[in-house]
Amino acid sequence: MNDVKLALLGSPGAGKSAVLVRFLTRRFIGEYASNANSLYHKRLSVDGRQLNLEVFDPCSQGSGARRVLEEPMDWADGFLVVYNISDRASFSNAKTLLRQIREGSNGGCSSFREVEVPVCLVGNKQDLCHARQVPADEGRCLAQENRCLFQEVSAAESYQDISILFTQLIRQVLEQLKQRADRRRYSGSRSMAKLITNVFGKRRKSV
Ligand SMILES: Nc1nc2c(ncn2[C@@H]2O[C@H](COP(=O)(O)OP(=O)(O)OP(=O)(O)O)[C@@H](O)[C@H]2O)c(=O)[nH]1
């Protein structure tokens, strides 16, 4: 069974816990404790494959984003970066977080990744469109620039979009985990071939 580890990042109050709880329970609960890191577990099935999902919901990433990011960067297989469409500052913070994730993916952080980590940019509180400060196109553009998925959602009003975006992200993570395992198997068999050649010498073709 696959283990899939995701981390939620974003400004305080962007709705990270609301988005996650909506996905896990299909419910919207108005208020969430925000003074502690939380790790959620759920067993689920995606495309017929059983998996253990773990989601890390750290207790807010305002200005000290870099410090908060270091741990999840080493740990997570994928990220959801959440902003509030009615709060431009949360969008600016999402930009910074995406840049930091991409720098980390390219070896700028402590962990080196050969391929880019899957990321989804989430514009939450879509129900507050009367107070919108970030046009959907701007979110889409930012996602394209950072090669990530994008979805506007309302944790308060809808389960469907949130479920779709988690499923898409999990699919990308599963694909990457499979590629990583294939690469490990391939390099393992190459080292074995090398060892055999070293021990027994190369066979010469007879003429
Ligand atoms: N209108 C509206 N309010 C929302 C939505 N999602 C979350 N909220 C509200 O926004 C506030 C913050 O939500 P949280 O889920 O605690 O936000 P958070 O990003 O986890 O916040 P921290 O734990 O402080 O980092 C709460 O009052 C939620 O009820 C949404 O989709 N629409």
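Scroll up a little and you will see the structure.
Residues numbered from 1 in each chain as written. Predicted model: local features only at pLDDT ≥ 70, side-chain atom pairs only at ≥ 80, totals over all residues. Heavy atoms only, no water.

A. Structural detail: the packing of aromatic side chains. Counted by the stated rule, this structure contains three aromatic pairs. Their ring planes at 70° and their centres at 6.0 Å tell us that Phe 56 and Trp 75 sit as a pair that is edge-to-face. Linking Phe 56 in strand 3 (residues 49-57) with Trp 75 in helix 2 (residues 65-75), this pair joins segments that are 19 residues apart in sequence. Both rings, one in Tyr 83 and one in Phe 91, keep their centres 4.8 Å apart while their planes meet at 70°; by these two values the pair is edge-to-face. As far as burial versus exposure is concerned, Tyr 83 and Phe 91 are alike and both buried. (Phe/Tyr/Trp six-rings, centres within 6.5 Å; stacked < 30°, edge-to-face > 60°. Helix = DSSP H or I, 4+ residues; strand = E, 2+ residues; numbered from the N terminus. Buried < 20%, exposed > 50% of the residue type's maximum accessible area, 1.4 Å probe, protein only.)

B. Quick look at the layout of surface pockets. As a volume, the largest pocket reaches approximately 390 Å³. Along its surface, the largest pocket is lined by 26 residues, and Gly 13, Gly 15, Lys 16, Ala 18 and Tyr 32 are the ones closest to its centre. Broken down by element, the lining of the largest pocket gets its largest block of residues, three residues, from helix 1 (residues 16-25). A per-class count over the lining of the largest pocket returns 12 nonpolar, nine polar and five charged. (1 Å grid on protein atoms, 1.4 Å probe; cavity = no way out; pocket = protein on both sides within 12 Å on 5 of 7 lines; lining within 4 Å. Points joined across faces, edges and corners; volume = space filled by probe spheres on them. Nonpolar A, V, L, I, M, F, W, Y, C, P; charged D, E, K, R; others polar.)

C. Expanded view of the sheet that holds strand 1 (residues 2-10). Read across the sheet, six strands follow the order 2-3-1-4-5-6 without closing on themselves; strand pairing throughout is mixed. The sheet terminates laterally at strand 2 (38-46) and strand 6 (149-152), the two strands that pair on one side only. On average, adjacent strands in this sheet sit at an angle of 20° to one another, irrespective of strand direction. Pairing of strand 4 (residues 78-84) with strand 5 (residues 119-124) involves six bridges; the strand directions are parallel. Looking at strand 5, one finds that Asn 84 is bridged to Asn 124. Set on the sheet, helix 1 makes contact with strand 1, strand 2, strand 3, strand 4 and strand 5; between it and strand 3 the angle comes to about 160°. (Pairing = 2+ DSSP bridges. Axes fitted to C-alpha atoms, helices over the stretch in contact; angles between N-to-C directions. Contact = heavy atoms within 4.5 Å.)

These figures come from the coordinates and say nothing about function on their own.
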